[in-house]
Amino acid sequence: MRILVTGGAGYIGSHTCLELLEGGHEVFVLDNLCNSSVEAIKRVKELSGKSFEFFNCDIRDKSGLRAVFTKARPEAVIHFAGLKAVGESCEKPLEYYDNNLGGTVCLCEVMQEFGLKNIVFSSSATVYGRNEPPLSEDMPTGDCSNPYGRTKYMIEELLKDIYASDNSWNIILLRYFNPIGAHKSGRIGENPKGIPNNLMPYLSQVAVGKLAELSIFGDDYETPDGTCIRDYIHVVDLAKGHLCAINRLEQSKGLEVFNLGTGHGYSVLDIVKAFIGTTGVNLPYKITPRRAGDLAAVYSNSQKATELLGWSAQYGIERMCEDTWRWQSNNPTGYED
Ligand code: NAD
Ligand code: WQD
């Protein structure tokens, strides 16, 4: 299939492009590089041994999108492009609504103009808000604690409304849990700009000596060791989930929602111990007060994806830590070197 990947230069997008190319798909990447590097594209080409077109374009630029669609003639879109920093979304909500929500409206309008109605969207477990885990697709959504999360919820609703108005659209909403890890080659991985907000990039930058110490946000939660529990999923497993979603789009019509998680929860201390255990590196850490907005436990029920997509996560936390470390230690300054 000819697949347009918006945000394809980013962390999850680059890993997905590689899986799509290896799965025999034709890939076109559209990205404005606001949170990524063209080096990731180069490395995906190098790893796959295949060439593909990259369009430096913003999803809010309608005439730019039209030119891309005319050239690429995609049969489906995987839509990763968006801003994703929770804290920043609280400081700059308009930027998040404009980029994520406005950008998606623009993208869907152009898709409609071109008669293209197949889309896979990157949603997030954040749409479940405070539901009790394990979280499953039929639970109520929308109780999000920050503007970033609300953009994900609103985009889901927007896509549901498009489908309700025209059921010849084929839409898959994928709700990711906590992606970590990197491709086994150590050539592509997560490359956050500035100081990381998320646990794994922060932890690996401490391990490589870029940051002094990891702060563990709270050890007084109602969990077995007092630290928060999350459903960490290897980014390559997540990328493979998109390949399954594309296959599903080809076979089954409609709008469907799937969780992509492992179904297992690990605490912050479990991750720290697994990282030290698998890599042997020194990892200074301290316990600090809770971070506002964090929930004690978030993990998935991912049975639906297993049953209907034929997908399940293969990699455990040791492998997630090993691959993160290979990427981080081989590329201490990310794509900048
Ligand atoms: P990322 O920042 O690495 O990738 C997003 C990409 O989109 C970047 O390359 C960025 O340059 C591009 N982009 C942003 N705004 C754009 C615009 N207006 N036009 C064109 N390109 C634009 O993030 P990621 O971790 O790879 O996340 C990919 C998607 O998955 C995002 O939509 C994110 O919200 C969602 N998601 C991520 C996580 C996570 O923890 N990483 C969890 C759940 C959902
Ligand atoms: C994981 C755990 C922290 C950093 C966020 C978004 C969510 C989704 C994934 C996109 C928590 C703890 C973290 C640190 C720590 N993104 N932590 N020290 O908060 O589960 O989810 O990313 O959709 O929407 O909210 O991920 O990696 O930030 O935190 O102790 O320096 O690690 O308290 O328990 P989170 P995270």
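Residues numbered from 1 in each chain as written. Chains lettered and ligands numbered in written order. Predicted model: local features only at pLDDT ≥ 70, side-chain atom pairs only at ≥ 80, totals over all residues. Heavy atoms only, no water.

**A closer look at the sheet that holds strand β9 (residues 229–230)**
- Strand order in this open sheet of three strands is β12-β9-β14, and the pairing throughout is mixed. One side of each edge strand has no neighbouring strand; the edge strands of this open sheet are β12 (266–267) and β14 (297–298).
- By the bridge criterion, two bridges tie β9 to β14 in an arrangement that is parallel. Counterpart to Arg230 in the pairing with β14 is Val298. (Pairing = 2+ DSSP bridges. Helix = DSSP H or I, 4+ residues; strand = E, 2+ residues; numbered from the N terminus.)

**With respect to the site of ligand 1**
- Surrounding ligand 1, one finds 28 residues, the nearest of these being Asp31, Asn35, Ser36, Phe80 and Tyr148.
- In the model, an oxygen atom of ligand 1 is placed 3.1 Å from a nitrogen or oxygen of the Cys34 main chain.
- At 2.7 Å from an oxygen atom of ligand 1 is found a side-chain nitrogen or oxygen belonging to Asn35.
- In isolation ligand 1 offers 820 Å² of accessible surface; the protein chains occlude 95% of this area.
- Per element, the largest residue contribution to the shell around ligand 1 is three residues, and it comes from strand β5 (residues 118–124).
- Counted by class, the shell around ligand 1 contains 13 nonpolar, 10 polar and five charged residues. (Near = heavy atom within 4 Å. Polar contact = N/O pair within 3.5 Å; in protein donor to acceptor, adjacent residues only side chain to side chain. Areas by Shrake-Rupley, 256 points an atom, 1.4 Å probe, with all protein chains shown as cover. Nonpolar A, V, L, I, M, F, W, Y, C, P; charged D, E, K, R; others polar.)

**Considering the packing of aromatic side chains**
- One pass over the full model with this rule turns up four aromatic pairs.
- With 5.9 Å between their ring centres and 80° between their planes, Phe275 and Trp325 make a pair best called edge-to-face. Placement of the pair is Phe275 in helix α9 (residues 268–279) and Trp325 in helix α11 (residues 317–330), with a sequence separation of 50 residues.
- Here Trp325 falls in the buried class, since its relative accessible area comes to 18%.
- Note on Trp327 and Tyr335: the rings are 5.0 Å apart at their centroids and 55° apart in plane angle, and the pair reads as tilted. Each of the two residues, Trp327 as well as Tyr335, counts as buried.
- Taking NZ or CZ as reference, Lys45 lies 5.1 Å from the ring centre of Phe52, over its face.
- Seen from the ring of Phe258, Lys304 lies directly overhead, with NZ or CZ sitting 5.1 Å from the centre. (Phe/Tyr/Trp six-rings, centres within 6.5 Å; stacked < 30°, edge-to-face > 60°. Buried < 20%, exposed > 50% of the residue type's maximum accessible area, 1.4 Å probe, protein only. Lys NZ or Arg CZ within 6 Å of the ring centre and 35° of its normal.)

**Focus on the side chain of Asn259**
- Summarising the element assignment, Asn259 is placed in strand β11 (residues 255–260).
- Residue classification places Asn259 among the buried residues on the basis of a relative accessible area of 0%.
- A polar side-chain atom of Asn259 sits 2.7 Å from a polar atom in the side chain of Tyr128.
- At 2.8 Å, the side chain of Asn259 and the backbone oxygen of Leu135 are in polar contact.
- With residues up to four places along the chain from it excluded, the contact list for Asn259 reads Tyr128, Leu135, Ser136, Glu137, Arg175, Phe177, Ser300, Asn301, Ser302, Ala305 and Trp311. (Contact = heavy atoms within 4.5 Å.)

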